[in-house]
Amino acid sequence: MKILTFLLTFISLIAMAQPKEINAEQTAIVSSKHWLDIDYVGDDIVGHRLDIHLPAVGKAPFPIVVAIYGSAWFSNSSKSTVFNEGLGQTLLNNGFAVVSINHRSSSDAKFPAQIQDVKAAIRFVRANAAKFSMDNSFIGVTGWSSGGHLTALTGTTNTTQTHSIHGLEVDIEGSLGKYTQTNSKVNAIVDWFGPTDFLIMDACGSSFAHNDTKSPESSLVGGAIQENPDKCALANPISYVNAQNPPFLIFHGDKDPLVPHCQSEKLYEALQKSKVKSELIIIPRGGHGPGVMIEKYYEKMIAFFKEEMGKVKK
């Protein structure tokens, strides 16, 4: 019975990490030009592909937003879901080029593979921006759930190459692709209910057993999280917070059953302590996506990205 309960909860987790299915007409992408399945590393694996969509409004070159899907780190090929709930289209409608990226799953490779993939994608985008009519003077990043985790980690490691905790070292930047000398810094972060401190997720009131050996977090770090605190600390965006981090906007529902809102609150507290420009919006009755990833908050995301873009010196 315990195994059955875990499996049912696990299936629910995956379903809720992905935006719900909507009809084909709603998911049609309105863009002026696009490129699909670009291999940003050059190794011909599905987890290293990205799509670029240019807006039908505004004038090239376009500012860039890299978007990272949620999948509990279990998917290596869900970049198209960035457009399922209107997130990607809203960005396009407001003049941003949208770069939706795949990354390796936790079954493909353990952490830090996923953040190394994100960094490689950003380096590729920065190095090739002109070829795709994009302006690399502004690169924002956004993502939800596990994609929110990678988004937040991208921001807090903006100036981090490697990091060690209790003698355990992790290579954050990695050396994937042809553009290892290219800067992977970004200008602004919008994190939608991403996990941060794995070790306290169950204690914060999650309906899912994150401490289980087969949980998404345990799968990501390669062992039960409570038995691997240092690995969890290295995967925790909060471990890297410093005054050089880019501005953050964080959204989290107070009824999220899978990623408790304490995860965003702890991140926000650390950002504030380091005097990083940051805002946390806790959404009453918001779930793991429902009531959170909606037009009202998309508008706040757009306003935030435009404000930060306006600060970039041309």
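The structure under discussion appears in the preceding block.
Keep in mind the model is a prediction, meaning the values are calculated, not measured.

Chemist: I'm lost on the overall build of the protein chain in this one. Help?
Modeler: Broken down by element type, the protein chain carries 9 helices and 10 strands. Whereas a compact globule of 314 residues would reach a radius of gyration of roughly 20 Å, the protein chain reaches 18 Å, a difference of no more than 12%. Considered along the principal axes of its C-alpha atoms, the protein chain spans approximately 55 × 45 × 40 Å. Taking all 314 residues of the protein chain together, 57% fall into the buried category. Relative to all contacts within the protein chain whose residues are 6 or more apart in sequence, the contacts with residues 24 or more apart total 77%. Surface summary for the protein chain: the accessible area is close to 12,900 Å², and the carbon and sulfur share equals 52%. Charge centroids of the protein chain, computed over 28 positive and 30 negative side chains, lie 6 Å from each other.

Chemist: Looking at this model, I keep getting lost on unusual backbone geometry. Mind explaining?
Modeler: Trans is the common state for peptide bonds, and a negative phi is the common state for residues other than glycine. Cis geometry is adopted by the peptide bond preceding P61, which originates at A60 and carries an omega value of 0 degrees. With an omega dihedral of 20 degrees, the bond running from F111 to P112 counts as a cis peptide bond. By the element assignment, P112 lies in the loop between β4 (97-101) and α4 (113-128). Within the chain, D37 stands out as a residue other than glycine whose phi angle is a positive 55 degrees. For D37, the position within the fold is in strand β1 (residues 33-39). When its relative accessible area of 43% is taken as the criterion, D37 is described as partly exposed.

Chemist: Looking at this model, I keep getting lost on α4. Mind explaining?
Modeler: Each full turn of the α-helix corresponds to 3.6 residues, which orients residues three or four apart in the same direction. With 16 residues, α4 should reach 22 Å at 1.5 Å per residue; the first-to-last C-alpha distance of 22 Å fits that figure. In terms of residue burial, α4 counts as a mostly covered element, since 15 of its 16 residues are buried.

Chemist: Which parts of the structure should I look at to understand the nonpolar core?
Modeler: The nonpolar side chains of a soluble globular protein tend to be buried, and buried together. One finds L50, V99, M134 and F198 to be the most contacted residues of the largest nonpolar core, which totals 53 residues. Considering each element in turn, this core owes the most residues, 7 residues, to α4. If near-sequence neighbours (up to four positions away) are discounted, V99 is found in contact with L50, D51, I52, I64, V65, V66, A67, V125 and M134. Listed in part, the 29 residues of the second largest apolar core include V65, Y69, W144 and V190.

Chemist: I keep staring at helix α8 (residues 262-273) and nothing clicks. Help me out?
Modeler: Between its terminal C-alpha atoms α8 stretches 16 Å, which fits the 16 Å expected from 12 residues at 1.5 Å a residue. Three or more residues of α8 are buried, namely C262, Q263, S264, L267, A270 and L271. Where α8 is buried, its residues touch α5 (146-156), β8 (188-192), β9 (248-253) and β10 (278-283).

Chemist: When you look at the packing of α4 against α5 in this model, what are you seeing that I'm missing?
Modeler: Axes are the key here: two packed helices are described by the angle between their axes and the distance separating the axes. The N-to-C vectors of α4 and α5 enclose an angle of 65 degrees; their axes lie 10 Å apart at closest approach. Compared by their axis directions, α4 and α5 come out roughly perpendicular. In terms of crossing hand, the pair formed by α4 and α5 is right-handed. Contacts between α4 and α5 involve Q114, I115, V118, K119 and I122 from the first element and L150, L153 and T154 from the second. Of the residues contributing to the contact of α4 with α5, the split by class is 5 nonpolar, 2 polar and 1 charged.

Chemist: What is the right way to read the sheet that holds β8 from this model?
Modeler: The strands making up a sheet are joined through hydrogen bonds of the backbone, oriented either antiparallel or parallel. Pairing within the open sheet is mixed, and its 8 strands lie in the order β1-β2-β4-β3-β5-β8-β9-β10. What marks the edges here is a single partner per strand, and that holds for β1 and β10. Across the sheet, the mean angle separating the axes of adjacent strands is 15 degrees when strand polarity is ignored. As defined by bridge partners, strand β5 (residues 134-144) adjoins β8 across 5 bridges and the pair is classed as parallel. Bridge pairing links G143 to D191 in β8.

Chemist: Looking at this structure, I do not really get the environment of Q116. What am I missing?
Modeler: Residue placement: Q116 occurs in helix α4. A relative accessible area of 15% means that Q116 is categorised as buried.

Chemist: Looking at this model, I keep getting lost on the pattern of salt bridges. Mind explaining?
Modeler: All chains considered together, the criterion is met by 9 salt bridges. Its salt-bridge partner being K277, residue E308 comes within 2.6 Å of it at the nearest N-O pair. Of the two residues, E308 sits in helix α9 (residues 295-310) while K277 sits in the loop between α8 and β10, which places them 31 residues apart along the sequence. Judged by its relative accessible area of 6%, E308 is buried. Overall, the relative accessible area of 36% leaves K277 in the partly exposed class.

Chemist: Help me understand the pairing of strand β6 (residues 162-165) in this model?
Modeler: A regular strand carries its side chains on alternate faces of the sheet. Two strands pair when backbone bridges link them, and β6 and strand β7 (residues 168-171) are joined in this way by 4 bridges, in the antiparallel orientation. Across the sheet, T162 pairs through a bridge with D171, a residue of β7. Between the antiparallel neighbours β6 and β7 lie 2 residues, among them H166 with a positive phi of about 50 degrees.

Criteria and thresholds
Residues numbered from 1 in each chain as written. Predicted model: local features only at pLDDT ≥ 70, side-chain atom pairs only at ≥ 80, totals over all residues. Heavy atoms only, no water. Helix = DSSP H or I, 4+ residues; strand = E, 2+ residues; numbered from the N terminus. Rg over C-alpha atoms; globule rule 2.2 N^0.38 Å. Buried < 20%, exposed > 50% of the residue type's maximum accessible area, 1.4 Å probe, protein only. Contact = heavy atoms within 4.5 Å. Areas by Shrake-Rupley, 256 points an atom, 1.4 Å probe, with all protein chains shown as cover. Lys, Arg positive; Asp, Glu negative; His and termini not counted. Charge placed at Lys NZ, Arg CZ, Asp CG, Glu CD. Expected span 1.5 Å × (residues − 1). Core = buried A, V, L, I, M, F, W, Y, C linked by side-chain atoms within 4.5 Å. Axes fitted to C-alpha atoms, helices over the stretch in contact; angles between N-to-C directions. Parallel < 35°, antiparallel > 145°, perpendicular 65-115°, else oblique. Left-handed = near helix turned anticlockwise from the far one by under 90°. Nonpolar A, V, L, I, M, F, W, Y, C, P; charged D, E, K, R; others polar. Pairing = 2+ DSSP bridges. Salt bridge = Lys/Arg side-chain N within 4 Å of Asp/Glu carboxyl O.

Bear in mind that shape data such as this cannot, by itself, settle questions of function.
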